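Observations on the model geometry
Here is how the chains run, residue by residue.
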Amino acid sequence: MTWRSLLALAWANLRADPGAALVDVLAAAVGAATLALFVALGLGVGDAARRMFPADARLVEVVPAQLSLGGLLGGGRLDESARQRLLALPGVRAAWPRQNLVVPVAAPEPPLGLEAAWPPGMTLQIPVVGVDPSMVEEDTRRGVPFADPAEGGAIPVVLSRRLVEIYNKTIAPTWGIPGLPAGLDPVGIELPLRIGVSIIPGKSERRILEVRVRLAGLSDRVPLYAMAVPLATVQRLHRLYNRSDPGYGQVTLLADSPADAPAIAAAARRMGFNVDRSELATAERVGTVVRVTTGALVGLALLMTALAALAIARSRAASVAARSREIALLQALGATARDVRAMVLLEALLVGGGGGLLGMAVGRGLGLLGDLAWHGLLPDFPYRPEAILIFPAWLLAATVGVAALSAVTGALTPAAAAARVDPARALS
Amino acid sequence: MIRLTAITRSFQDDGREVEVLRGVDLSVAPGEVVAVMGASGSGKSTLLAIAGALDAGFGGEAVVAGQSLRGLSAGALASLRNRSVGFVFQSFNLVPAFPALENVLLPGLLRQGRREPREALRERGLAALARVGLAAKAAARPSRLSGGERQRVAIARALLTRPVLLLADEPTGNLDAVTGESVIRLFGELAQEGTAVLVVTHEERVSRVASRVLTLSEGRLS
């Protein structure tokens, strides 16, 4: 018997009892819609959490010990020698130093073209940190070289990606000023700075340098609170202002793989340094909460899908029992037990697949409504996702697949019962 | 067309073995109508199920359409039923969800291996319906047909594959006298065209078209 014939028979059987078929389709649809919605919610929340707490599990942030015997004896200082020793640790691919500029820097006026986003008369004190250019290499490929410029040249800077979000969603609304225009590419924007100026009375330097900084990129690897410039620029300014070398404030180690990070952190601690894992730990905690919550929701959805499959199984079993004479007739006319089994499984596949398609459409529709409500009811805030429910194509396909597969699995027993119908007895 | 030799068949009933057929010998040749009569429960339907390759749990030797049933796989038995045997039942056994024509086409849909093109199959189905005088009722569902019309649809279904053997189990049992007569006449016509017809019945009128009338009693044919 051909698959086309089997499909025609299965379809005709479902049409013969449309009420039962509709209930089966609805049962599968409820399970599928729940699965689609819960997984989409988990993906949406997970995506928002990842943007809010960007963390690379391969990074180990090494900082000088606050108080250590090594420090008292002259060890524990993070300098180039310590960086080389950290770089030599097994599993370390790179060691990127970071040095805070100890000369005050202030911005007395806004970037050109963004005057509206600058409160009148404001002078902004800006912390500056020097970073290894290779650490932000992937974020500074937009035409502004991230290297110490010649005297008088614009200094390239990198800002935290999160700073822009927080400025737009929190600072700008609080100050009553417009945020950065939507669609604006901030790379290349210049800001006049005065090096040596402090807003704290008596803390300014005698020598004031008028410079310009030019945004070279946005990165998740630079601090939220500071403007990152090339490490060489900070070292040059320290020399210019006769500051002794303060050492590195932090060295970021890049592990070969996330699995190497704990051992590297332990080795750094043994060398007398502290390891700052606060951001990573926060990201990991948030990630764990998201994973556990999503897992529970998906578990609940799978339970509903299983219940739907059970309902379909019962319905198919009742249908097979009621049709035993018809099934026997098919056998008398030439159907094999395998044909009969396949026909019942195809019936389940049709109701499961149909329910899956319906559930996917309903889930997607509810997702759109949820997003509309999300945008309409909640205020704008940093990292507010555009969509709280994310429906990738694979999820839509998986929704239909899981619904169809669970229905077919539920129909295995009724199909076996149908294949066992004795035509001689059923037709007598 | 059928040659049954020393057929035995027994069933378990409440842990007790009941012997329904006790060494039945029967042969039906092409063009012959053989009627088997007997009381209810005498084993007529069991005999028909064995002759139609529906029941493989028998003893003895059964040859149908030139093939010995013993040793045939389930698939081969199904194929034999599909190609060589037509069934007509007392309760018609039409699929209620299918229109008359779709019921007639069922054996074509169930054919193993490469299927006949849909249009050709449909033409043959319509021809089979026309043969039993129901061409105009092709689109009617069984619930819209009278008892006689349903039985004629069942006969058309049996004829679709041009079987060499037609097996009928109480074919007039649910029909009035006039309709029953027309069905009996149809069996006679089919036999004249070369089909071997085996009818089990307890109605005397079937014997009018039968070449032989046998009686099944105490598990034996006489």
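Residues numbered from 1 in each chain as written. Chains lettered and ligands numbered in written order. Predicted model: local features only at pLDDT ≥ 70, side-chain atom pairs only at ≥ 80, totals over all residues. Heavy atoms only, no water.

A look at the packing of aromatic side chains
Residue and element names in this part refer to chain B. For clarity, the cut-off: Working definition: a ring pair exists when centres of Phe, Tyr or Trp rings (six-membered ring for Trp) sit within 6.5 Å. Plane angles under 30 degrees give stacked, over 60 give edge-to-face, the rest tilted. Burial classification: accessible surface area is computed with a 1.4 Å probe over protein chains only, and a residue below 20% of its type maximum counts as buried, one above 50% as exposed, and the rest as partly exposed. We count a charge as sitting over a ring when the NZ of a lysine or the CZ of an arginine lies within 6 Å of the ring centre and within 35 degrees of the ring normal.
As enumerated under the stated definition, the model contains one aromatic pair over all chains in all. Relative to F89, the ring of F87 has its centre 5.7 Å away and its plane inclined at 5°; by these criteria the two rings are stacked. Considered together, F87 and F89 belong to a single accessibility category, that of buried residues. When the ring centre of F58 is taken as reference, the NZ or CZ atom of R70 above it lies at 4.8 Å.

Description of the side chain of A:T34
All names here are of chain A. Counted only if it meets this: Put simply, DSSP marks the helices as runs of H or I at least four residues long and the strands as runs of E at least two long, and each gets a number from the N terminus on. By the convention used here, residues are in contact when the closest approach between their heavy atoms is within 4.5 Å.
Within the secondary structure layout, T34 lies in helix α2 (residues 18–52). The buried category is assigned to T34, whose relative accessible area is 11%. Not counting the four nearest positions on each side in its chain, T34 is found in contact with A301 and M304.

Quick word on helix α2 (residues 74–84) of chain B
For α2(B), the set of buried residues is B:L77, B:A78, B:S79, B:L80, B:R81, B:N82 and B:S84. Contacts made by the buried residues of α2(B) are with α9 (324–332) of chain A together with β4 (59–64), β5 (67–68), β6 (85–88), α3 (100–109) and β7 (165–169) of chain B.

What about a nonpolar patch on the surface?
All names here are of chain A. Threshold: A patch is a set of surface residues, each over 30% in relative accessible area and not in a salt bridge, joined within 9 Å for like charges and within 5 Å for the nonpolar side chains Val, Leu, Ile, Met, Phe, Trp and Tyr. Throughout, the Shrake-Rupley method with a 1.4 Å probe supplies accessible areas, and for residues the shown protein chains are the sole cover considered. A side-chain nitrogen of Lys or Arg and a carboxyl oxygen of Asp or Glu constitute a salt bridge if their distance falls within 4 Å.
Together, L22, L26, L358, V362, L366, L369 and L372 make up a nonpolar patch on the protein surface, roughly 640 Å² of accessible area in all. Every element with two or more residues in the nonpolar patch is listed here: α2 and α10 (337–377). When residues in the nonpolar patch are grouped by element, the largest group, five residues, is from α10. Residue position: L369 is located in helix α10. The exposure class of L369 is exposed, given its relative accessible area of 54%.

Topic: the pattern of salt bridges
Two side chains bearing opposite charge may form a pair once their charged atoms approach each other closely. Residue and element names in this part refer to chain B. This model, assessed by the stated rule, comprises 22 salt bridges over all chains. Of the charged contacts in the structure, one is a salt bridge between R212 and E32, with a shortest N-O distance of 2.8 Å. Here R212 is found in strand β9 (residues 212–217), whereas its partner E32 is found in the loop between β2 (16–28) and β3 (33–37), with 180 residues between them in sequence.

What to know about the pairing of strand β2 (residues 92–100) of chain A
Residue and element names in this part refer to chain A. The condition is simple: Two strands make a pair as long as DSSP finds a minimum of two bridges between them.
Buried residues dominate β2, accounting for seven of its nine residues. Relative to strand β10 (residues 250–255), β2 runs antiparallel, the two being bridged by six bridges. Across the sheet, P97 pairs through a bridge with V251, a residue of β10. In terms of strand pairing, β2 meets strand β5 (residues 128–131) through three bridges, oriented antiparallel.

Some words on the sheet that holds β5(B)
All names here are of chain B. Let me state the cut-off plainly: Axis angles are defined between N-to-C directions and span 0 to 180 degrees, where every axis is a line fitted to C-alpha atoms and, for a helix, only to the segment in contact.
With antiparallel pairing, the four strands of this open sheet are ordered in space as β2-β1-β4-β5. Bordering the open sheet on either side are β2 and β5, each of which pairs with just one other strand. Strand direction decides the pairing type here: strand β1 (residues 2–13) and β2, joined by ten bridges, are antiparallel. Within β2, the residue paired with L4 across the bridge is L26. In the packing of helix α1 (residues 44–51) onto the sheet, contacts are made with β1, β2 and β4, and the angle to β1 comes to roughly 125°.

Remarks on the environment of A:A416
Residue position: A:A416 is located in helix α12 (residues 412–419). Taking C-alpha positions, A:A416 is 84 Å from A:S198, a pair spaced 218 residues apart along the chain.

Brief notes about the domain arrangement of chain A
A common way to express how large an interface is: the accessible area buried when the components associate. Put simply, the test is: The start and end points of each domain follow an automatic or database-based domain assignment.
What the domain assignment lists for chain A is domain 1 (3–54 + 284–427) and domain 2 (59–276). On a C-alpha basis, the centroid separation for the pair domain 1 of chain A and domain 2 of chain A is 52 Å.

So, the side chain of B:D55
Formally: We call two N or O atoms a polar contact when they sit within 3.5 Å, provided that within protein one can donate a hydrogen and the other can accept it, with sequence-adjacent residues counted only if both atoms are side-chain atoms.
Checked against the element boundaries, B:D55 lands in the loop between α1 and β4. Side chain to side chain, B:D55 and B:R9 meet in a polar contact 2.9 Å long. If we skip the residues at most four places from it in the chain, B:D55 touches A:A424, B:R9, B:F11, B:T46, B:A49 and B:I50.

What about the sheet that holds β9(B)?
Residues and elements named next belong to chain B. Pairing within the open sheet is mixed, and its six strands lie in the order β6-β7-β8-β3-β9-β10. If you trace the sheet from one side to the other, it starts and ends with β6 and β10 (220–221), each paired once. Where β6 lies against β7, four bridges are found, and the strand directions are parallel. Paired with V88 across the two strands is A168, which belongs to β7. Relative to the sheet, α2 contacts β6 and β7, its axis offset from that of β6 by approximately 75°.

What about the environment of A:A154?
Residue and element names in this part refer to chain A. Mapped onto the fold, A154 is located in the loop between β5 and β6 (155–160). Classification of A154 by relative accessible area gives buried; the value is 18%. Separated by 75 residues in the primary sequence, A154 and V229 have C-alpha atoms spaced 11 Å apart. Leave out the neighbours within four places in its chain, and A154 touches P149, E190, R212 and R214.

Considerations on the environment of A:V187
Residue and element names in this part refer to chain A. Examined against the element boundaries, V187 turns out to sit in the loop between α5 (161–175) and β7 (190–195). When the C-alpha atoms of V187 and R243 are compared, they prove to be 31 Å apart, with 56 residues separating the residues in sequence. Beyond its immediate chain neighbours, meaning those up to four positions away, V187 contacts R142, V144, L215, A216 and G217.

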